[in-house]
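One-letter residues, chain by chain:
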Amino acid sequence: MEIETDVVSNTDGSAKVTLGHTNVLVGIKAEIGKPKPMLPDEGYLEFFVDCSANATPEFEGRGGEGLGIELSNTLYKVFSNKQSVDLKNLCISPGEHCWVLYVDVLLLQCDGNLFDAISVAIKAALFNTKIPKVRIAEEEDGGKEIELSDDPYDCVRVNVENVPCIVTLCKIGHRHVVDATLQEKACSVASLLISVTHKGLVTCVRKLGGGSLDPESIFEMTETGKRVGKALHAPLMELLQKEESLGSKRQKVGFLG
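Since the structure is predicted, the reported quantities are computational estimates derived from the model, not experimental observations.

**Q** How would you explain the packing of helix α1 (residues 65-79) against helix α2 (residues 114-128) if you had to name every residue and give the values?
**A** Between α1 and α2, the shortest axis-to-axis distance is 12 Å and the interhelical angle comes to 50 degrees. The angle between α1 and α2 places the two elements in the oblique class. Seen from above, α1 lies across α2 with right-handed handedness. Between α1 and α2, the residues in contact are L67, L71, T74, L75 and F79 and L114, F115, I118, S119 and I122, respectively.

**Q** Give me the side chain of S217: which residues, what numbers.
**A** Note that S217 resides in helix α4 (residues 215-246). For S217, a relative accessible area of 8% puts it in the buried group. Looking at S217, its side chain comes within polar contact range of the side chain of K171, at 2.9 Å.

**Q** Can you lay out the nonpolar core for me, pointing to particular residues and giving the numbers?
**A** If you look at the biggest cluster of nonpolar residues, it comprises 49 residues, and the most contacted ones within it are V26, L75, L101, V105, L107, I122 and L126. Of all the elements, α2 adds the most residues to this core, at eleven residues. Excluding anything up to four places from it in sequence, V26 contacts G13, S14, A15, V103, D104, V105, A121, I122 and A125. V167, L169, V196 and M221 belong to the second-largest nonpolar core, a separate cluster that totals eight residues.

**Q** Give me the environment of E42: which residues, what numbers.
**A** Topologically, E42 is positioned in the loop between β3 (22-33) and β4 (44-51). Given a relative accessible area of 4%, E42 falls into the buried group. On a C-alpha basis, the gap between E42 and C91 in space is 5.0 Å, while along the polypeptide they are 49 residues apart.

**Q** Report on a negative patch on the surface, specifying residues and quantitative values.
**A** There is a patch of like negative charges on the surface, built from E138, E139, E140, D141, E145 and E147. Its location among the elements puts D141 in the loop between β8 (134-138) and β9 (144-148).

**Q** Just give me the short version of the layout of surface pockets, but keep the residues and values in it.
**A** One number sums up the size of the largest pocket: a volume of about 580 Å³. The wall of the largest pocket is formed by 27 residues, among which D6, D12, N128, K130 and P152 lie closest to the centre. Every element with two or more residues in the lining of the largest pocket is listed here: β2 (13-19), α2, β7 (130-132), β10 (155-157) and α4. Tallied by class, residues from the lining of the largest pocket come to eight nonpolar, nine polar and ten charged.

**Q** Describe in detail α2, supporting the description with residues and values.
**A** For an α-helix, 3.6 residues make a turn, and residues three or four places apart therefore share a direction. The end-to-end C-alpha distance of α2, which contains 15 residues, comes to 21 Å, matching closely the 21 Å that a straight helix rising 1.5 Å per residue would cover. With 15 of 15 residues buried, α2 is to be regarded as a mostly interior element.

**Q** Could you give me a rundown of the packing of aromatic side chains, with the residues and numbers involved?
**A** Summed over all chains, the structure comprises one aromatic pair. Look at F47 and F79: their rings are 6.1 Å apart centre to centre, the planes differ by 40 degrees, and that puts the pair in the tilted class. Here the residue F47 occupies a position in strand β4, and F79 occupies one in helix α1, the gap between them amounting to 32 residues. You'll find F47 and F79 in the same group, each marked buried. The residue whose ring lies beneath R157 is F127, and the NZ or CZ to ring-centre distance is 5.6 Å.

**Q** Can you lay out the sheet that holds strand β12 (residues 175-178) for me, pointing to particular residues and giving the numbers?
**A** Strand order in the open sheet made by the four strands is β12-β11-β13-β14, with antiparallel pairing throughout. Of all strands in the sheet, those bounded by a partner on one side alone are β12 and β14 (202-208). Here the strands of the sheet are splayed against their neighbours by 25 degrees on average, with no regard to which way each runs. Pairing of strand β13 (residues 190-196) with β14 involves six bridges; the strand directions are antiparallel. Opposite V196, over in β14, you have V202 as the bridge partner. Set on the sheet, α1 makes contact with β11 (165-172), β13 and β14; between it and β14 the angle comes to about 155 degrees. The strands that α4 touches are β11, β12, β13 and β14; relative to β11, the one it contacts most, it runs at about 145 degrees.

Reading the values: rules and limits
- Residues numbered from 1 in each chain as written.
- Predicted model: local features only at pLDDT ≥ 70, side-chain atom pairs only at ≥ 80, totals over all residues.
- Heavy atoms only, no water.
- Axes fitted to C-alpha atoms, helices over the stretch in contact; angles between N-to-C directions.
- Helix = DSSP H or I, 4+ residues; strand = E, 2+ residues; numbered from the N terminus.
- Parallel < 35°, antiparallel > 145°, perpendicular 65-115°, else oblique.
- Left-handed = near helix turned anticlockwise from the far one by under 90°.
- Contact = heavy atoms within 4.5 Å.
- Buried < 20%, exposed > 50% of the residue type's maximum accessible area, 1.4 Å probe, protein only.
- Polar contact = N/O pair within 3.5 Å; in protein donor to acceptor, adjacent residues only side chain to side chain.
- Core = buried A, V, L, I, M, F, W, Y, C linked by side-chain atoms within 4.5 Å.
- Patch = residues over 30% accessible without salt bridge, like charges linked within 9 Å, V, L, I, M, F, W, Y side chains within 5 Å.
- Areas by Shrake-Rupley, 256 points an atom, 1.4 Å probe, with all protein chains shown as cover.
- Salt bridge = Lys/Arg side-chain N within 4 Å of Asp/Glu carboxyl O.
- Lys, Arg positive; Asp, Glu negative; His and termini not counted.
- Charge placed at Lys NZ, Arg CZ, Asp CG, Glu CD.
- 1 Å grid on protein atoms, 1.4 Å probe; cavity = no way out; pocket = protein on both sides within 12 Å on 5 of 7 lines; lining within 4 Å.
- Points joined across faces, edges and corners; volume = space filled by probe spheres on them.
- Nonpolar A, V, L, I, M, F, W, Y, C, P; charged D, E, K, R; others polar.
- Expected span 1.5 Å × (residues − 1).
- Phe/Tyr/Trp six-rings, centres within 6.5 Å; stacked < 30°, edge-to-face > 60°.
- Lys NZ or Arg CZ within 6 Å of the ring centre and 35° of its normal.
- Pairing = 2+ DSSP bridges.

Structure below.
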């Protein structure tokens with residue numbers, strides 16, 4: 001797995017992840033919006049997935065639209081909740097203004113393990129995201145004026161400690177496989193998608209594929225997913241912190257590298 005952050009200059013946070021031959025680019029833009037009526041003291045995340053026609057011939061024309069919608073809906077369930085991201089920290093003024101994080105995912109190359117690669121890229125991009133600090137000034141007529149800091153270092157960071165990583169397990173025969181390629185996935189009758197936090201807490205489980213899974217297989221696959229997912233967080237965070245500590249000294253490859 002290869003990870004590089006801060007690869008797109010016109011975003012507030014970005015990351016590129018290469019997992020095998022799967023290549024994913026994630027960019028995050030923070031914009032001021034209005035909180036949802038049911039959650040007036042929280043911000044929120046919006047997801048958009050673009051399946052590039054260069055990623056696989058299946059995405060040519062409108063072939064990738066269905067997969068893009070499926071990926072967006074799953075990512076929303078996994079990441080846009082208070083267990084994964086501190087949404088209250090994105091609130092500026094309850095009921096009036098909040099930060100909305102627009103997460104754009106671009107699939108550059110597809111060779112299986114899409115959910116796994118995308119989840120790592122989103123966590124890395126959220127770690128890289130810098131949101132300008134906001135000051136609210138009271139006007140004479142009682143209104144409020146929002147002032148954004150111009151200092152790039154005067155910013156708020158997103159706490160990614162509880163952001164989960166997704167592990168996809170493919171059932172092949174009587175066994176299950178982690179990190180499956182497209183060829184291995186073609187042999188699988190069903191897959192189990194599990195999102196796991198750094199503490200090993202499962203936040204989302206979803207079955208993919210037309211085949212069936214017996215309860216014993218689901219239990220075994222869940223336990224494996226928890227073990228693999230939990231083991232992924234520590235080295236990922238260590239790598240992200242090490243890369244950031246290099247500052248301007250780090251060598252940038254870019255998403256075309």
